[in-house]
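Coordinate inspection notes
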Amino acid sequence: MFCCSELSGMVDRELARVAPMTALRDGRILTEIDTEYFLVFGEERPSYVGINYCPFCGRALSRQLWNLEKKKQ
């Protein structure tokens, strides 16, 4: 499910979340990236920032990037 152990550790420490946008109801989403991978900022009402690439290994994570690659082929 995770591309690397560092990202898995971030999720375990609740600094990142892997979930569909519709499941993030307890805070606000600050980006409009089509992804299920988010960095989490704040505690009471967190803010979520979608990410295109893993910040540790560089693997593409977002559906937006996958869709762009499909169009090129």
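Anything mentioned here points back to the structure above.
Residues numbered from 1 in each chain as written. Predicted model: local features only at pLDDT ≥ 70, side-chain atom pairs only at ≥ 80, totals over all residues. Heavy atoms only, no water.

Digging into the overall build of the chain
For clarity, the threshold we go by: Working definition: helices are DSSP H or I runs of at least four residues, strands are E runs of at least two. Numbering for both runs from the N terminus. Our radius of gyration looks at C-alpha atoms and nothing else; its globule reference is 2.2 Å times the residue count to the power 0.38. For this analysis, residues touch if any pair of their heavy atoms sits within 4.5 Å. Residue burial considers only the protein chains on display, and all accessible areas are found by Shrake-Rupley using a 1.4 Å probe. When charges are counted, Lys and Arg are positive and Asp and Glu negative, with His and the chain ends excluded. Charge positions come from single atoms, namely NZ of Lys, CZ of Arg, CG of Asp or CD of Glu.
Summing up its helical and strand segments, the chain has two helices and four strands in all. Order of helices (α) and strands (β) in the chain, N terminus to C terminus: α-β-β-β-β-α. Relative to its length of 73 residues, the chain is compact, with a C-alpha radius of gyration of 13 Å against a globular reference of 11 Å. Counting only C-alpha atoms and orienting by the principal axes, one finds that the chain spans roughly 45 × 25 × 15 Å. Residue pairs at least 24 apart in sequence account for 28% of intrachain contacts in the chain once pairs closer than 6 positions are excluded. With the model as given, the accessible surface of the chain reaches about 5,200 Å², and the carbon-plus-sulfur share is 50%. If you average the places of the 10 positive and of the 10 negative side-chain charges in the chain, the two averages end up 7 Å apart.

Here's the deal with helix α1 (residues 5-12)
Definition in use: A 1.4 Å probe rolled over the protein chains alone gives each residue an accessible area, and that area as a share of the maximum for its type sets the label: buried under 20%, exposed over 50%, partly exposed in between.
Looking only at α1, the buried set comprises Leu 7, Ser 8, Gly 9 and Met 10. Buried residues along α1 sit in contact with β1 (16-18) and β3 (37-41). Backbone geometry just after α1 places Glu 14 at a positive phi near 60°.

Remarks on the nonpolar core
Rules: Here, nonpolar core refers to any group of buried Ala, Val, Leu, Ile, Met, Phe, Trp, Tyr and Cys residues whose side-chain atoms link them within 4.5 Å.
Among the nonpolar cores identified, the biggest contains nine residues, and these are Cys 4, Leu 7, Met 10, Ala 16, Tyr 37, Leu 39, Ile 51, Cys 54 and Leu 61. Those elements that provide at least two residues to this core are α1 and β3. If near-sequence neighbours (up to four positions away) are discounted, Leu 39 is found in contact with Met 10, Leu 15, Ala 16, Ser 47, Tyr 48, Val 49 and Ile 51. Counting five residues, the second-largest nonpolar core is a separate cluster that includes Ala 19, Leu 24, Phe 38 and Tyr 48.

Describing the environment of Arg 59
Positionally, Arg 59 belongs in the loop between β4 (47-50) and α2 (63-72). The exposure class of Arg 59 is partly exposed, given its relative accessible area of 42%. It is 7.0 Å that separates the C-alpha atoms of Arg 59 and Cys 3, two residues lying 56 residues apart in sequence. Not counting residues up to four positions away in its chain, the partners in contact with Arg 59 are Cys 3, Asn 52, Tyr 53, Cys 54 and Trp 66.

As for the pattern of salt bridges
Side-chain pairs of opposite charge can arise where the charged atoms are in close proximity. The following threshold applies: The salt bridge definition used is simple: a Lys or Arg side-chain nitrogen within 4 Å of an Asp or Glu carboxyl oxygen.
Tallied over the entire structure, the rule returns three salt bridges. Note that Arg 17 and Asp 26 form a salt bridge whose closest N and O atoms lie 3.7 Å from each other. Overall, the relative accessible area of 40% leaves Asp 26 in the partly exposed class. Glu 36 is the partner of Arg 63 in a salt bridge, and the nearest nitrogen-oxygen pair spans 3.0 Å. Of the two residues, Arg 63 is situated in helix α2 and Glu 36 in the loop between β2 (28-29) and β3; the sequence distance between them amounts to 27 residues. Classification of Glu 36 as partly exposed rests on a relative accessible area of 31%.

Description of unusual backbone geometry
Positive phi, close to 60°, is recorded for Glu 14, a residue that is not glycine. In this structure, Glu 14 sits in the loop between α1 and β1.

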